[in-house]
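Descriptive analysis of the structure
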Amino acid sequence: MGFFDGLPISREKAYLREELSRIDESWCAARFDSLPHVVHILTSKDREGEVQVLKEQSDVVEEVVDEVVHAYHSGFNKAIQNYSQILRLFSESAESVAVLKVDLAEAKKVLGARNKQLHQLWYRSVTLRHIISLLDQIEGIAKVPARIEQLIAEKQLYAAVQLHVQSTLMLEREGLQTVGVLQDVRSELTKLKGLLFYKVLEDLHAHLYNKGEYSIASSRLSERDDEVPTTTAVAFSINNSQPFSRRTRLLKVDNQIGAYGDGSYRPSSVDGSSSFDGRDEDGAMEIHDEATLDEHTIRVNGGDNTPKDVKIVSRQIPTWLSCSTPDEFVEAMRKSDAPLSVKYSQTMVECLCMLGKVAAAGAMICQRLRPTIHDIFTAKIKGHAERANYSRAGIGQATQTGTTGLHYLKGQLESFQLSKQKRQNGISLAGMLLAVSPVSPVMAPMGTAQAAAKELLNSILDTVVRIFENHVLVGELLESKSAQQVDMNTPKSMAEINWNPDAEASRDTGGYSIGFTLTVLQSECQQLICEIMRATPEAASADAAVQTARLAKKGPSKGKRDGSEDGLTFAFRLTDATISIPNQGADLIRQGWSRRGPNVLQEGYGTAAVLPEQGIYLAASVYRPVLQFTDKVASMLPQKYSQLGNDGLLAFVENFVKDHFLPTMFVDYRKGVQQAISSPAAFRPRAHAAATYTQSIEKGRPVLQGLLAIDFLAKEVLGWAQAMPKFASDLVKYVQTFLERTYERCRTSYMEAVLEKQSYMLIGRHDVENLMGLDPASTCLPNSLRPPNMENTATDAEGVEIELEISDLLINLRPIKQENLIRDDNKLILLASLSDSLEYVADSIERLGKACARAANQVEENNNQKNPHHARMSSAPPKDLGAEEYRKLAIDCLKVLRVEMQLETIFHLQEMTNREYLEDQDAEEPDDFIISLTAQITRRDEQMAPFVAGIKRSYIFGGICSVAANASIKALADMKSINLFGVQQICRNSIALEQALAAISSIDSDAVQLRLDRVRTYYELLNMPFEALLAFIIEHEHLFTAAEYGSLLKVQVPGRDIPVDAQDRVTQILSQ
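No experiment lies behind these values; they were computed from the predicted model shown.

**A closer look at the overall build of the protein**
- Assigned secondary structure in the protein consists of 35 helices and seven strands.
- Split into buried and exposed, the 1072 residues of the protein put 46% on the buried side.
- In the protein, 79% of the contacts between residues at least 6 apart in sequence involve partners at least 24 apart.

**Brief notes about the confidence of the model for the protein**
- Overall, the predicted model of the protein reaches an average pLDDT of 75, with 72% of residues at or above 70.
- For residues 539-602, every residue scores under 50 in pLDDT, and the model assigns this stretch 114 contacts once sequence neighbours within four places are set aside.
- Per-residue pLDDT stays below 50 along residues 784-792; that stretch engages in 19 contacts with residues further than four places along the chain or on separate chains.

**Comments concerning unusual backbone geometry**
- Across the junction of R814 and P815, the peptide omega takes the value 5°, indicating a cis bond.
- Looking at the element boundaries, P815 is found in the loop between α25 (796-811) and α26 (825-865).
- Its identity is not glycine, yet K155 carries a phi of approximately 60°, on the positive side.
- On the secondary structure map, K155 appears in the loop between α5 (144-153) and α6 (157-171).
- A residue is classified by how much of its surface remains accessible, and K155, at 55% relative accessible area, is exposed.

**As for the pattern of salt bridges**
- What the rule picks out here adds up to 29 salt bridges.
- The partner of E904 in a salt bridge is R823, and the shortest N-O contact between them spans 2.7 Å. Taken together, the positions of E904 in helix α27 (residues 883-909) and R823 in the loop between α25 and α26 put the pair 81 residues apart, joining distant regions of the chain.
- Since its relative accessible area comes to 33%, R823 is described here as partly exposed.

**Section: helix α10 (residues 340-355)**
- When the terminal C-alpha atoms of α10 are compared, their 23 Å separation across 16 residues agrees well with the 22 Å that a helix rising 1.5 Å per residue should span.
- Of all 16 residues in α10, 14 are buried, a share of seventy percent or more.
- Looking one or two residues past α10, G356 carries a phi angle of roughly 70°, positive in sign.

**Brief notes about the nonpolar core**
- Among the nonpolar cores identified, the biggest contains 237 residues, and F661, L707, W720, M975, I978 and Y1019 are the most heavily contacted of them.
- Counting residues per element, this core draws most heavily on helix α14 (residues 448-484), which supplies 16 residues.
- Excluding residues within four positions of it along the chain, Y1019 makes contact with M912, S968, I969, A971, L972, M975, I978, V983 and I986.
- Residues L16, L20, I23 and V60 belong to the second largest nonpolar core, which totals five residues.

**Overview of a negative patch on the surface**
- Taken together, E56, D59, E62 and D66 make up a surface patch of like negative charges.
- Along the chain, D59 falls in helix α3 (residues 47-113).

**Structural notes on the environment of Q614**
- Relative to the helices and strands, Q614 resides in the loop between α18 (585-590) and α19 (619-636).
- Setting aside anything within four residues of it in sequence, one finds Q614 in contact with M443, E531, I532, R534, T607 and A608.

**What to know about a nonpolar patch on the surface**
- Taken together, V61, V65 and V69 make up a surface patch of nonpolar side chains, about 220 Å² in accessible area.
- For V69, the location among the structural elements is in helix α3.

**Considerations on the side chain of Q614**
- By relative accessible area, Q614 is classed as buried at 19%.
- Within the structure, the side chain of Q614 is placed 3.4 Å from the backbone oxygen of E531, a separation counted as a polar contact.

**Some thoughts on the packing of aromatic side chains**
- Scanning the model with the defined rule gives 18 aromatic pairs in all.
- Measuring from centroid to centroid gives 5.5 Å for Y617 and F661, while their planes differ by 80°, and the two rings are edge-to-face. On the criterion of sequence distance, the pair formed by Y617 in the loop between α18 and α19 and F661 in helix α20 (residues 649-678) is long-range, its members being 44 residues apart.
- Classification of Y617 by relative accessible area gives buried; the value is 4%.
- Considering the side-chain rings of Y1018 and F1040, the 4.9 Å spacing of their centres and the 50° angle between planes classify their relative orientation as tilted. A residue pair is termed long-range when its members are at least 10 positions apart, and Y1018 in helix α32 (residues 1005-1020) and F1040 in the loop between α33 (1026-1035) and α34 (1042-1050) qualify at 22 residues. Like Y1018, the residue F1040 is buried in the burial classification.
- Ring pairs connect the aromatic residues Y1018, Y1019, F1040 and Y1045, which therefore count as one cluster.
- Between the NZ or CZ atom of K357 and the centre of the ring of F197, over which it lies, the distance is 5.7 Å.

**Description of the packing of α33 against helix α35 (residues 1062-1071)**
- Direction vectors running N to C along α33 and α35 enclose 20°, while the axes themselves pass 10 Å from each other. With respect to α35, the element α33 is oriented roughly parallel. The element α33 and its partner α35 pack so that their crossing is right-handed. The segment α33 lies against α35, with F1026, E1027, L1030, I1033 and I1034 engaging A1062, R1065, V1066, I1069 and L1070.
- Residue classes in the contact of α33 with α35 are distributed as eight nonpolar, no polar and two charged.

**Digging into the packing of α25 against helix α30 (residues 959-971)**
- One can describe the packing of α25 onto α30 by two numbers: an axis separation of 9 Å at closest approach and a directional angle of 60°. Looking at the two axes, α25 sits oblique to α30. Considering the relative orientation of α25 and α30, their crossing is right-handed. Together, E803, L804, S807, D808, L810 and I811 of α25 and S962, V963, N966, A967 and K970 of α30 make up the contact between the two elements.
- Considered class by class, the residues forming the contact of α25 with α30 number five nonpolar, three polar and three charged.

**What to know about the environment of L457**
- Among the structural elements, L457 can be located in helix α14.
- For L457, a relative accessible area of 1% translates into the label buried.
- For the pair L457 and I532, spaced 75 residues apart in the sequence, the C-alpha separation amounts to 9.4 Å.

**Quick notes on the environment of V673**
- Its location among the elements puts V673 in helix α20.
- For V673, a relative accessible area of 2% puts it in the buried group.
- Taking the C-alpha atoms as reference points, V673 and V436, separated by 237 residues in sequence, lie 7.1 Å from one another.
- Dropping the residues within four chain positions of it, V673 is found in contact with I710, L713, F738 and T742.

Scoring rules and cut-offs
Residues numbered from 1 in each chain as written. Predicted model: local features only at pLDDT ≥ 70, side-chain atom pairs only at ≥ 80, totals over all residues. Heavy atoms only, no water. Helix = DSSP H or I, 4+ residues; strand = E, 2+ residues; numbered from the N terminus. Buried < 20%, exposed > 50% of the residue type's maximum accessible area, 1.4 Å probe, protein only. Contact = heavy atoms within 4.5 Å. pLDDT = per-residue confidence, 0-100. Salt bridge = Lys/Arg side-chain N within 4 Å of Asp/Glu carboxyl O. Expected span 1.5 Å × (residues − 1). Core = buried A, V, L, I, M, F, W, Y, C linked by side-chain atoms within 4.5 Å. Patch = residues over 30% accessible without salt bridge, like charges linked within 9 Å, V, L, I, M, F, W, Y side chains within 5 Å. Areas by Shrake-Rupley, 256 points an atom, 1.4 Å probe, with all protein chains shown as cover. Lys, Arg positive; Asp, Glu negative; His and termini not counted. Charge placed at Lys NZ, Arg CZ, Asp CG, Glu CD. Polar contact = N/O pair within 3.5 Å; in protein donor to acceptor, adjacent residues only side chain to side chain. Phe/Tyr/Trp six-rings, centres within 6.5 Å; stacked < 30°, edge-to-face > 60°. Lys NZ or Arg CZ within 6 Å of the ring centre and 35° of its normal. Axes fitted to C-alpha atoms, helices over the stretch in contact; angles between N-to-C directions. Parallel < 35°, antiparallel > 145°, perpendicular 65-115°, else oblique. Left-handed = near helix turned anticlockwise from the far one by under 90°. Nonpolar A, V, L, I, M, F, W, Y, C, P; charged D, E, K, R; others polar.

Here it is as structure tokens:
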């Protein structure tokens, strides 16, 4: 039975377990019900037996209980004894506590009787210690002035300021104010305060402009050398139970380094000794935060001579703090990971805060900011000029090295390449291109002046960025210090509540702020840019500094993104208030705005010594450096000044470009375009063109001078667009305007050549246009402009059918009148040259359009990857610059030339009709009209060869063969009679025409021979008897049409007999 398994039953009584296991588990139920057992016994047959079984089980249980009691009896006795002992102890403790209470009450009475005497003794000991401390301090203060001068000489300015502040505060203590011996010390300390202030300010000023010993440039080279190890800090392990000293715990560094909550500075000691205790009274050393310790462990003795584990930590602080008293600021500098230049700035600002000269320092920095920036710019430009002169003079003419020299060499190379762009006949294009361009090669988008200006401005703006980075750091530090400490020189009665926290901060810093610095820097940069572009800014007025200070005091707007009213507005803008520019604004701007206002500052920066040329077109090289400068400045600005990055220099440059540069450029280039297309030689083919056509401009491609100049100007304008992505759409629109004007001029020249001519009127007909589009020869035309119904997928048989349709359509125009043809070969040459020139310009426009699209996509991708600030660069130039119109006009020129040659052929061959070919001798020479036609074909091919490509010449002259063959065959229907010699004459004519066409290198001579052989075969059928002719028709029924076979029967041939039913018999054969 599992319930009794844990009972302590001995081995001798093991049988009890078996007896217990026989007892039913129902007897062990938690809620025992006896009724079923009673009913069972009463209903049993052997009641006595059942009762006896229950008695036996009861005996077993009683025996088990006896065993359990016997096993636990000793334990019960021990527990009772323990409880008795505990009760006794509690009783004794209560008696002891009562006795202790009585003793404490008696001790309290005794101490109360001696309280007054103890208080008097404690007060006397405190007074004596204070007197001894004052005497020690007076002795130490007397040595302070000499110590401060020594620290100043050693450039330990923070230690000197620290000692000065400590001494000054000590002299202000009660008890020392009336000591006459210390009056001289007070006087010396007052003088030293002014000396310290100017020393600190001079070092900070030099550091702001990267001229100090610990500036960015020098600190990068000697960052490790400028750090020296200080006293080794030793810390015990956790085995030492001595608690930490409050003064030695490392404090967290925040904006309140070195200052307490009330704004006052509390030093540690006067004589420069450490305020950190070396040992406690029991000999235990101070313990530092072990999280900052190295892993080097040694064994030293503690105060109880017990070996203890310690860790040695090597600490380093900058050189200028090596003599300073360890305090919170020094500890922060030791723990800081900032560069040395940042640490030095923090140290100098801390010195100013300790001296209470934050406002005075800010005022002096403001006062010296503009002259210093002007001097830096001037020195930078002089340095560039000296390097440029050295490069040209020293290394000079063989290899131009250096940055400026490289740009000079680049300009020379551009000029050399430009001079090489000449025809093979010696005619140079350089003069023509330079004549139409409004800018010189030096001032062009890729010219040396642009490169020099961009390089100079990049260098200066990089310097400005580094300077502004220092000003941002110092400005934030000064503002944070001014928020903690009120100027000590200002009486508290003058302190009033100002509800403008930014104005309050500006006042506490003497007017100095990040906004003021940014305004002055941008104003100086603007004056430099205006000098480069020879513009006159309002910034050069005498009261520019006053305007800057007034606008800089405006707090940054927190409620508006538009800084036009509440935010900082750029004070310097381009103005024409003092200049009257009626009807000549663009010319005056291009000349540099030489007429200046009366208040314009005459002193400049000397950029003329560096730049090959100055002028408004340098705005293109100015834009991108200014844009990059604005992005860098915006990334450095604190959050509350973030909107200042959207105003200022970039806004000025963008407004200048939009209001002055772009209009000037449009007027200048419009004049250049007008000059290029209105020149007498603009649309005049070259008189001495090369013998063969070439695709390269440099090798002599005879592009018309007007279109070549327009292409040059368009590329130049898009070069300006590449330099200024934001204005790319405007510049592309300018290019579109110029190209549209040029297209109109090309259209006019085209119309002058084809006006009222039959070929021009034919290509305008819808049926002719469709047939020419289906003509296999049109495959040489650009597919991009071919309508969908002009896609040529015709087979050879279909192509022949289309050629026959075109020739039939043209032949039906007979008689062709001479006045409806273009008889002037010069006009035909003009059309050929115009077609090639238009195609050249169209190709160039397509390349430019793709380049603009790629540039726009690249800019858009960059904008998506950067912050929204770059959205100003986004520009979507039009995809179509007019290339399709140019190409369509070029195709029209080719179509006119092709149709013109076909009409010329029909004009000459129409003399075959309405005449009798009854010759009396063999044909030795072709007819006169054939001689005239072949001579004309040869002459025009030779004249057009230099102006169009071979495949285009094939298109122009390729239609002559099919028209001539078709016209020759159809001419038989109009002939009255022909003899054997007449047939020979016509065959001789076809041979002459074949020879003339085969002489054209671009034409397939086999195709010409095949078509004209058909003509000769057709006329030779006239020499056959009728029966032989029928046999030929049976064998070659598809070689000629039924009408053509009928013409063979109708014409009168001497000596040939034609039956009366000849026509019916031929018709029957063909119908089968």
